[in-house]
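# Descriptive analysis of the structure
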Amino acid sequence: MSSDPVPTLSVVAPMCNERECVDEFLIRVDSVLDDVGEPAEIVLVSDGSTDGTSEMLLERVATHPRLRVVILDRNVGQALAIDAGFQHSRGRYVVVLDGDLQNPPEAIPDLLEVIRRDDLSLVSGSRVRHETEPWLARRIPSLAANWLLRRITGCPVRDMAGFKIIRGDVARSLRLRSGQHRLIPAIVHVMGGRTGEIPVPQAPRFAGTSKYRTVDRLLDVVIDVMLLWLQASAKRRPIYLFGRIAFLLLAADCLIMPILLWDKFVHGQDMGTRPPFLIAIMFALAALFIVAAGFILELLSDSLAASSGVRPYVVRQIAGGDDPEADAGPERRRTVADPISATASS
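As the structure is a prediction and not an experimental result, all values here were calculated from the model. Residue indices follow the written sequence of each chain, beginning from 1 at its first position. In keeping with the model being predicted, local features are shown solely for residues with a pLDDT of at least 70 and side-chain atom pairs are shown and tallied solely at 80 or more, while totals for entire chains, interfaces and linings include all residues. In computing side-chain values, all of the structure's heavy atoms are included and hydrogens and water are not.

## Things to note about helix α1 (residues 19–36)
The way it works is that DSSP assigns letters per residue, a run of H or I at least four long becomes a helix, a run of E at least two long becomes a strand, and they are numbered from the N terminus. In this scheme, a helix's expected span is set at 1.5 Å multiplied by one less than its residue total. The first and last C-alpha atoms of α1 sit 26 Å apart over 18 residues, in line with the 26 Å expected at 1.5 Å per residue. Restricting attention to buried positions, one finds in α1 the residues Cys21, Val22, Phe25, Leu26, Val29, Asp30, Val32 and Leu33. In this analysis, two residues are considered to be in contact whenever any of their non-hydrogen atoms come within 4.5 Å of each other. Each element contacted by the buried residues of α1 is listed here: β1 (9–15), β2 (40–47), α2 (53–60), β3 (67–72) and α4 (108–117). Positioned one or two residues after α1, Gly37 has a phi angle of 75 degrees, which is positive. Burial classes: relative accessible area under 20% of the type maximum marks a residue as buried, over 50% as exposed, and values in between as partly exposed (1.4 Å probe, protein chains only).

Structure representation (structure tokens):
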């Protein structure tokens, strides 16, 4: 494998018990990659499949030269399976799509054209919903989650969970955590990348049964949105967020205490047993604890960033000097990115 040319395109898809979709998926993706006419690979990740999907994929390696198969020991979820595909991909651009063919592979050339033309870090395919898709169970929760993510992060992508193409260096710099496959455009935007979007059709599932769980997914999305809001609002500096909270508490304390002192020394009222005095003491103690927590998290975050050797930005191009990649064009540009999950891990 090491002697093979670096592919222009890697197509990554997680599969969990998708045996009935494997052959159709490979036929359609191979056909699209033939039309693209550039070096490409297909990275399929079997996420703890128990229906023979893993064995079937291993058999297809012999007949599909582009195919690379990653077998996970047990089911770890879609986000971690996608991350495994990212880390085993080699392409200058990485396409992520579902293994059940709800994302049509025929849209891959359009995504590739846009990410090259506009020189973006990520292009998401906004799904043109199927008419039979239930509103209450899927569309309304999806619309609400996407709206919240746009408001919180400023990412312009309207469909965060859609079919997408990412610069390979950016994709491999991500360290996705469980459930974060729904946040990839927002994560790339927050870490400094430029994102775009084009409409793509969404087809019904080709075969098999859906693994979609409405209630669990909705709760997970709400929690992920809250975490992303904390990270985005603090600009990945914990002391900024905690310091602001502590400042507000101390400001309230500074308003309450002069009034109490005035009442005590001018009007002779006892302030030790009054509720505002107890509230002021609680605010002061809470501010101290919050500042201390902010300093501790700041030190942990700094240590993590230093040990991982990452930086909180995405490099689009380097020109001049002796850098061998300076004039290599957009497909060979380097990225040194600070994955948002690194902050969450701290």
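## Quick word on helix α9 (residues 238–267)
With 30 residues, α9 extends 43 Å from end C-alpha to end C-alpha; this agrees with the ideal 44 Å at 1.5 Å per step. Along α9, the positions that sit buried rather than exposed are Pro238, Ile239, Leu241, Ala246, Leu249, Asp253, Ile256, Met257, Leu260 and Asp263. Backbone geometry just downstream of α9 places Gly268 in the positive-phi region, at approximately 70 degrees.

## Description of a nonpolar patch on the surface
Patch rule: a residue counts if its relative accessible area is over 30% and it has no salt bridge; like charges are joined within 9 Å, and nonpolar side chains (Val, Leu, Ile, Met, Phe, Trp, Tyr) within 5 Å. The method behind every accessible area is Shrake-Rupley, applied with a 1.4 Å probe, and residues are considered shielded solely by the protein chains displayed. The term salt bridge refers to a pairing of a side-chain nitrogen on Lys or Arg with a carboxyl oxygen on Asp or Glu at a separation within 4 Å. Residues Leu261, Trp262, Phe265 and Val266 make up a contiguous nonpolar surface patch of about 460 Å² in total accessible area. With respect to the element layout, Trp262 can be found in helix α9.

## As for the sheet that holds β3
Two strands qualify as a pair provided DSSP detects at least 2 bridges between them. Read from one edge of the open sheet, seven strands run β3-β2-β1-β4-β6-β5-β7, paired in mixed fashion. Pairing within the sheet leaves two strands with one partner each, and these edge strands are β3 and β7 (195–201). Taken over all neighbouring pairs, the strand axes of this sheet differ in orientation by 20 degrees on average, direction set aside. Inspection of the sheet shows strand β5 (residues 122–128) paired to strand β6 (residues 163–167) by four bridges, in the antiparallel sense. Its bridge partner being in β6, Ser124 is matched across the sheet by Lys164. Packing against the sheet, α1 makes contact with β1, β2 and β3, and its axis sits at approximately 160 degrees to β2. Along the sheet face, α4 touches β1, β4 (93–96), β5, β6 and β7 and points at about 40 degrees away from the line of β6. Note on geometry: axes are C-alpha line fits, over the in-contact stretch for helices, and angles between N-to-C directions span 0 to 180 degrees.

## What to know about unusual backbone geometry
Here Leu101, not a glycine, exhibits a phi torsion of approximately 70 degrees, which is positive. Mapped onto the elements, Leu101 comes out in the loop between β4 and α4. Residue Leu101 is classed as buried on the basis of its relative accessible area, which comes to 1%. We note that Asp119 has phi near 55 degrees; this positive angle belongs to a residue other than glycine. Looking at the secondary structure, you find Asp119 in the loop between α4 and β5. Using a relative accessible area of 18% as the deciding quantity, one classes Asp119 as buried.

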